[in-house]
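Structural overview
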Amino acid sequence: MAIQWFPGHMHLTRKAIQERIKDIDVVIELLDARLPGSSANPMLAELTTGKPALKVLNKQDLADPERTALWLAHYNAMPGVRALPLDASMTTPAKALVAACHELAPNRGGMAKPMRVLICGIPNVGKSTLINTLKGKRAAKTGDEAGVTKTEQRITIADDFYLFDTPGVLWPRIIVAKSGYNLAASGAIGKNAFDEEEVALELLDYLRQHYASALEARYKLTGATTQTDEELLADIGRKRGALQSGGHINLNKAAEIVIHDFRSAVMGRLTLETPEQFAQWLAEGKKMDAERQLKKDAIEMARLIKFKKVPRPEQPRHSDAREAEQRIDGEESPAE
């Protein structure tokens, strides 16, 4: 299953960012410290090319500290990028963001040249909570669900420091399948866009390989590494009383328990990816996406040739094109 979620207001957010970015000095991107790679928006990277960037690994108190250190080193090694860990409820670290912005844009500041900062992030990553911490009062709406902020807001942090808040935004198509599952597990994707049982199984598959002791301690299990994901989910349902009439296990309820326990960190501080793992997933995703596009183009070209919209090429065609012609064999010519 490929998880996709791009509500209509996100198209408006993209347009708003395109317009606003021309006047922005620094871009702050809030990332979920439990899935920094998956929560980094490739669409935002495209829109903000050339702008100094501050990557903030939020919810660091829920993430594996050793893996957070790896991600900080990864981002801090990039030119024009700084990275900081953050728990949005902590006042002093939040103030460090202002100092980091001035380091990234040292020529901005003062009433003549106020600092203009755009803050972005995926839904439910904690932007509004952070903004309220920076402001010292309730300046932005908050909520434990994806997509609370709907319109851009300008917030004055200081006389010479303006923060532009945008709605949480995903990207039109998620090409890294694992990212879709991780985003769903974290709460960044609306619950109607994914199957909870499937997401829980993917989550358990990762946890049993990398955090087996945390699983066993939370659910009083033994031998988590030797069980299948389905067996693990069933055992958790049995242990936590997710039962239906006749003693059957309610797997959907068990899945809800697993996802809730991950989000609330009752299993411990967990991170679902390392920089190396995400780089591998991304490379695989790009390869599959390129192959998918090649086949799509071949099918379209075969269709055009069959219905004489374009001349048949003289040179040998790619095998995908020949396969595409076979797939549309027997189709009737579309109406002119």
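The subject of this paragraph is the layout of surface pockets. Here the second largest pocket is characterised by a volume of approximately 590 Å³. Ala 40, Asn 41, Pro 42, Ala 45 and Lys 55 are the residues nearest the centre of the second largest pocket, which is lined by 32 residues in total. Of all elements in the fold, only β1 (26-32), α2 (42-47), β2 (53-58), α3 (65-76) and α11 (275-306) reach the threshold of two or more residues within the lining of the second largest pocket. Broken down by element, the lining of the second largest pocket gets its largest block of residues, five residues, from α11.

Here we come to the pattern of salt bridges. The final tally for this structure, using the stated rule, is 16 salt bridges. Residue Asp 25 pairs with Arg 108 through a salt bridge whose shortest N-O separation is 3.3 Å. Of this pair, Asp 25 sits in the loop between α1 (8-20) and β1 while Arg 108 is found in the loop between α4 (91-104) and β4 (115-121), placing the two residues 83 residues apart along the sequence. For Asp 25, a relative accessible area of 10% puts it in the buried group. A salt bridge links Arg 240 to Asp 261, with the nearest nitrogen and oxygen atoms 3.2 Å apart. Here Arg 240, found in the loop between α9 (229-239) and α10 (251-263), pairs with Asp 261, found in helix α10; they are 21 residues apart in sequence, far enough to count as distant. Arg 240 sits in the partly exposed class, given a relative accessible area of 39%. Overlapping salt bridges, with partners in common, bring together Asp 25, Arg 108 and Arg 116 in one network.

What follows concerns the packing of helix α7 (residues 196-210) against α10. At a minimum axis separation of 8 Å, α7 and α10 run at an interaxial angle of 55°. Taken together, the axes of α7 and α10 are oblique relative to one another. In this structure, α7 meets α10 at a crossing whose hand is left-handed. Contact residues: Glu 196, Glu 197, Val 199, Ala 200, Leu 203 and Leu 204 in α7; Leu 251, Asn 252, Ala 255, Glu 256, Val 258, Ile 259 and Phe 262 in α10. When grouped by side-chain class, the residues that make up the contact of α7 with α10 number nine nonpolar, one polar and three charged.

What counts and what doesn't
Residues numbered from 1 in each chain as written. Predicted model: local features only at pLDDT ≥ 70, side-chain atom pairs only at ≥ 80, totals over all residues. Heavy atoms only, no water. 1 Å grid on protein atoms, 1.4 Å probe; cavity = no way out; pocket = protein on both sides within 12 Å on 5 of 7 lines; lining within 4 Å. Points joined across faces, edges and corners; volume = space filled by probe spheres on them. Helix = DSSP H or I, 4+ residues; strand = E, 2+ residues; numbered from the N terminus. Salt bridge = Lys/Arg side-chain N within 4 Å of Asp/Glu carboxyl O. Buried < 20%, exposed > 50% of the residue type's maximum accessible area, 1.4 Å probe, protein only. Axes fitted to C-alpha atoms, helices over the stretch in contact; angles between N-to-C directions. Parallel < 35°, antiparallel > 145°, perpendicular 65-115°, else oblique. Left-handed = near helix turned anticlockwise from the far one by under 90°. Contact = heavy atoms within 4.5 Å. Nonpolar A, V, L, I, M, F, W, Y, C, P; charged D, E, K, R; others polar.

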